[in-house]
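Here's the letter readout for the chains.
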Amino acid sequence: MTERTGVKVEPVGTGSPFRFQNLPPLLTPLIGREQQGREIGSLLLQPEIRLLTLTGTAGIGKTRLAQKVATDLSEVFIHGVCLVQLAPISDSDLVVPTIAQTLGLRDVEERSLFSSLKAFLRDKHLLLLLDNFEQVLEAAPALVELLLACPSIKILVTSRAVLHVESEYEFSVPPLSLPDPLHLPAHEELLQYTAIALFVQRAQTVKPNFVLSEDNAAVIAQICIQLDGLPLSLE
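Residues numbered from 1 in each chain as written. Predicted model: local features only at pLDDT ≥ 70, side-chain atom pairs only at ≥ 80, totals over all residues. Heavy atoms only, no water.

**A closer look at the packing of helix 6 (residues 194–206) against helix 7 (residues 217–226)**
Direction vectors running N to C along helix 6 and helix 7 enclose 110°, while the axes themselves pass 10 Å from each other. One element, helix 6, and the other, helix 7, form an angle in the roughly perpendicular class. Here the hand of the crossing between helix 6 and helix 7 comes out right-handed. Along the contact surface, helix 6 presents Ala-195, Ile-196 and Phe-199, while helix 7 presents Ile-220, Ala-221, Ile-223 and Cys-224. (Axes fitted to C-alpha atoms, helices over the stretch in contact; angles between N-to-C directions. Helix = DSSP H or I, 4+ residues; strand = E, 2+ residues; numbered from the N terminus. Parallel < 35°, antiparallel > 145°, perpendicular 65-115°, else oblique. Left-handed = near helix turned anticlockwise from the far one by under 90°. Contact = heavy atoms within 4.5 Å.)

Below you can see the structure in the form of structure tokens.
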């Protein structure tokens, strides 16, 4: 096994030389996203879907959901999964170099970098996870060109906005479920709402003996409602 710019590269037994894996471990359970995870995974397994964009507002949990789906599907792709972090960049011209660098391509002339990237991925069965694409939307046509040149790769994108390119499929990530503030159920039933469940689970990591009770249920529900069921805000 070797390392390429933070990407674990492993030999595979299929005649293909490398397998990529740089997804971070999920240290806590992903609360309330089981259905969405199954739906996204099912979409990515459809042959005609090669570019799937997870959209949603900031803090809604697109990144963690995408990482969970990619982790679950990693064995499906012979050459694995490669996570490309785009948050540090805002220049769309840097998208292709960032993908290439993450994959470990080095010593390539700038003018031929995209050609080298396409040549490298042409025979790969790989899932590219491009995170935080909303700030480099002008680079979206390059993804279509990459897909056309590399028939066995798929691309999963997280973005606050759709890419508006040919062959893109969109999955809108919803907030976590919330109770009706005007008709709160009994506190025993509140945990069926995923925003409440996440709040309680995270509270218990700080205070292990914390429980949802009749005394605190209304306050907790109000907090979750005011935060619009956004996972990042709740955490």
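**Looking at the environment of Leu-65**
Mapped onto the secondary structure, Leu-65 falls in helix 2 (residues 62–73). The class for Leu-65 is buried, based on a relative accessible area of 1%. In this structure, the C-alpha to C-alpha distance between Leu-65 and Val-96, residues 31 residues apart in sequence, is 24 Å. Ignoring any residue separated from it by four or fewer positions in sequence, one finds Leu-65 in contact with Leu-30, Arg-33, Gln-36, Gly-37, Ile-40 and Val-173. (Buried < 20%, exposed > 50% of the residue type's maximum accessible area, 1.4 Å probe, protein only.)

**Considerations on helix 4 (residues 113–121)**
Within the span of helix 4, buried status applies to Leu-113, Phe-114, Leu-117, Lys-118, Phe-120 and Leu-121. Here the buried residues of helix 4 occupy an arc of 160° about the axis, which is enough to place them on one side. (Arc of directions from axis to C-beta.)

**Notes on unusual backbone geometry**
Despite not being glycine, His-164 shows a phi value in the positive range, around 60°. Structurally, the position occupied by His-164 is in the loop between strand 7 (154–159) and strand 8 (168–172). For His-164, a relative accessible area of 70% corresponds to the exposed category. Positive phi is not limited to glycine here, since Asp-228 has a value of about 60°. Summarising the element assignment, Asp-228 is placed in the loop between helix 7 and helix 8 (231–234). With relative accessibility at 47%, the residue Asp-228 sits in the partly exposed group.

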